[in-house]
Amino acid sequence: MKQSIILWISAIIIVFVVSFAQHISSNEFPLSGTVDVGGGNKVSFSFDKIAHTKNGYPVLLVSDSAGLQAVLFWKNEIESSWRSITMKDSLNFLSAIIPQQLPRSKVEFRIHLKNKNTTFLLPVKNNASFTFLKPIPDEINQFYFITLFAGLILAVRTALESFSGRPKTKKLTVFASIAFFSYTFVFSTVKKGVEIGAIGNGGIPLSDIFDQRSILLFSVSILTLILIFNTKNSKLWTALGAISALVIFLFAKY
């Protein structure tokens with residue numbers, strides 16, 4: 001019993017570490033930073049790259065002093081001209097809202113920040129950009145992540161099962177496949193459909209509903225299951241299955 005608990009905790013820790021690495025290296029990780037605007041004043045920002053919203057995207061700057069002026073310039077990717085919004089100053093917060101766009105619309109923006117007679121650009125080097133998507137119901141989001149991480153933890157736990165006295169790799173692999181099936185064909189597809197506004201609308205290509213990561217995770221889990229049930233070297237296949245699942249989770253598109 002004690003050994004089983006240790007193996008479960010180890011699997012959870014491994015998935016947590018990989019998940020953290022995936023999060024900070026993801027293309028969706030927010031663009032953030034702090035800029036010195038002179039006179040000892042600093043302005044901090046954090047800009048999302050994906051916006052799940054139905055009321056426009058709020059752009060927010062945090063300053064350690066009042067009296068700064070800022071203008072937000074933005075445009076949709078299909079437009080050639082820029083639009084401008086004067087950002088509101090309230091209690092050291094500068095804010096503006098980019099109007100709601102159609103799902104999957106990409107928006108570029110940049111902020112001209114003025115302190116006395118000097119103008120600064122945020123971000124400093126390049127324009128910021130993000131993609132509008134529809135908001136996802138909490139229940140769908142929760143089960144999306146539950147099935148994803150349950151599958152990953154079960155895959156790693158199956159690989160660690162070889163260290164136990166009475167391995168139950170077949171049973172654990174079946175549960176991992178069930179978790180990845182639910183993730184791929186139920187919650188990932190529903191989440192994608194809601195995000196892009198495909199629910200209730202026909203003519204949406206399957207490539208827009210199924211992503212690379214979910215298909216690969218399910219395929220690896222089924223392949224691992226087949227190999228375990230039909231070959232004798234289950235330790236090798238469970239280890240390769242777990243490593244493949246973690247690599248897919250880290251690098252595959254979703």
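As shown above, the structure is provided for reference.
This report concerns the structure included in the present document. (Residues numbered from 1 in each chain as written. Predicted model: local features only at pLDDT ≥ 70, side-chain atom pairs only at ≥ 80, totals over all residues. Heavy atoms only, no water.)

**Let's talk about the pairing of strand S2 (residues 41-47)**
- Across the two faces of S2 the burial differs, with Asn41, Val43, Phe45 and Phe47 buried and Lys42, Ser44 and Ser46 not buried at all.
- Across seven bridges, the pairing between strand S1 (residues 31-38) and S2 is antiparallel. Considered in S2, the bridge of Leu31 is made with Phe47.
- Count of turn residues in the S1/S2 antiparallel hairpin: two residues, of which Gly39 carries a positive phi of about 65°.
- Of the pairings in the sheet, the one linking S2 to strand S4 (residues 57-63) comprises three bridges and is antiparallel in character. (Buried < 20%, exposed > 50% of the residue type's maximum accessible area, 1.4 Å probe, protein only. Helix = DSSP H or I, 4+ residues; strand = E, 2+ residues; numbered from the N terminus. Pairing = 2+ DSSP bridges.)

**Describing a nonpolar patch on the surface**
- The grouping of Met1, Ile5, Ile9, Ile13, Phe16 and Val17 at the surface amounts to a nonpolar patch, some 670 Å² of accessible area in total.
- Counting through the fold element by element, Ile9 comes out in helix H1 (residues 2-25). (Patch = residues over 30% accessible without salt bridge, like charges linked within 9 Å, V, L, I, M, F, W, Y side chains within 5 Å. Areas by Shrake-Rupley, 256 points an atom, 1.4 Å probe, with all protein chains shown as cover. Salt bridge = Lys/Arg side-chain N within 4 Å of Asp/Glu carboxyl O.)

**Digging into the packing of helix H2 (residues 138-160) against helix H6 (residues 234-251)**
- Their axes nearest at 7 Å, the elements H2 and H6 cross at an angle of 150°. As H2 runs across H6, the sense of the crossing is left-handed. In contact with Leu148, Phe149, Leu152, Ala155, Val156, Thr158 and Ala159 of H2, H6 contributes Thr238, Ala239, Ala242, Ala245, Leu246 and Phe249.
- Residue composition of the contact of H2 with H6, grouped by class: eleven nonpolar, two polar and no charged. (Axes fitted to C-alpha atoms, helices over the stretch in contact; angles between N-to-C directions. Left-handed = near helix turned anticlockwise from the far one by under 90°. Contact = heavy atoms within 4.5 Å. Nonpolar A, V, L, I, M, F, W, Y, C, P; charged D, E, K, R; others polar.)

**Considerations on the sheet that holds strand S8 (residues 93-98)**
- Taken together, five strands build an open sheet; the order of strands is S1-S2-S4-S8-S7 and the sheet is antiparallel. The open sheet has two edge strands, S1 and strand S7 (88-90), and neither has a second partner. This sheet shows a mean twist of 25° between the axes of neighbouring strands, independent of strand direction.

**A few points about the nonpolar core**
- Ranked by internal contacts, the top residues of the largest apolar core, which has 26 residues, are Leu61, Ile98 and Leu113.
- Counting residues per element, the ones that place at least two in this core are S1, S2, S4, strand S5 (69-76), S8, strand S9 (106-115), strand S10 (118-122) and strand S11 (128-133).
- The element best represented in this core is S9, accounting for four residues.
- Look past the residues within four positions of Leu113 in its chain and what remains in contact with it is Val37, Val43, Leu61, Leu68, Gln69, Ala70, Leu94, Thr118, Thr119, Phe120 and Leu122.
- Membership of the second largest hydrophobic core comes to 21 residues, among which are Leu7, Phe187, Val220 and Ile248. (Core = buried A, V, L, I, M, F, W, Y, C linked by side-chain atoms within 4.5 Å.)

**Remarks on the pattern of salt bridges**
- Following the criterion strictly, the structure yields three salt bridges and no others.
- Taking the shortest distance from any N to any O, the salt bridge between Glu161 and Arg157 comes out at 2.4 Å. Per residue, the accessibility class of Glu161 equals that of Arg157, and both read buried.
- Note that Lys191 is salt-bridged to Glu195, the shortest N-O span being 2.9 Å. One end of the pair, Lys191, and the other, Glu195, are both in helix H3 (residues 169-195), four residues apart, so they sit about a helical turn from each other. Here the two residues Lys191 and Glu195 agree in accessibility, since each one is buried.

**Quick word on the side chain of Asn76**
- Residue placement: Asn76 occurs in strand S5.
- Looking at Asn76, its side chain comes within polar contact range of the side chain of Gln101, at 3.0 Å. (Polar contact = N/O pair within 3.5 Å; in protein donor to acceptor, adjacent residues only side chain to side chain.)

**A look at the packing of H1 against H2**
- Direction vectors running N to C along H1 and H2 enclose 130°, while the axes themselves pass 9 Å from each other. Here H1 is positioned oblique relative to H2, judged by the angle of their axes. H1 and H2 meet at a crossing whose hand is right-handed. Contacts between H1 and H2 pair Ser4, Leu7, Trp8, Ser10, Ala11, Ile12, Ile14, Val15 and Ser19 from the former with Phe149, Leu152, Ile153, Leu154, Val156, Arg157 and Leu160 from the latter.
- Per-class residue counts for the contact of H1 with H2 are twelve nonpolar, three polar and one charged. (Parallel < 35°, antiparallel > 145°, perpendicular 65-115°, else oblique.)

Any functional reading would require information that these geometric values do not contain.
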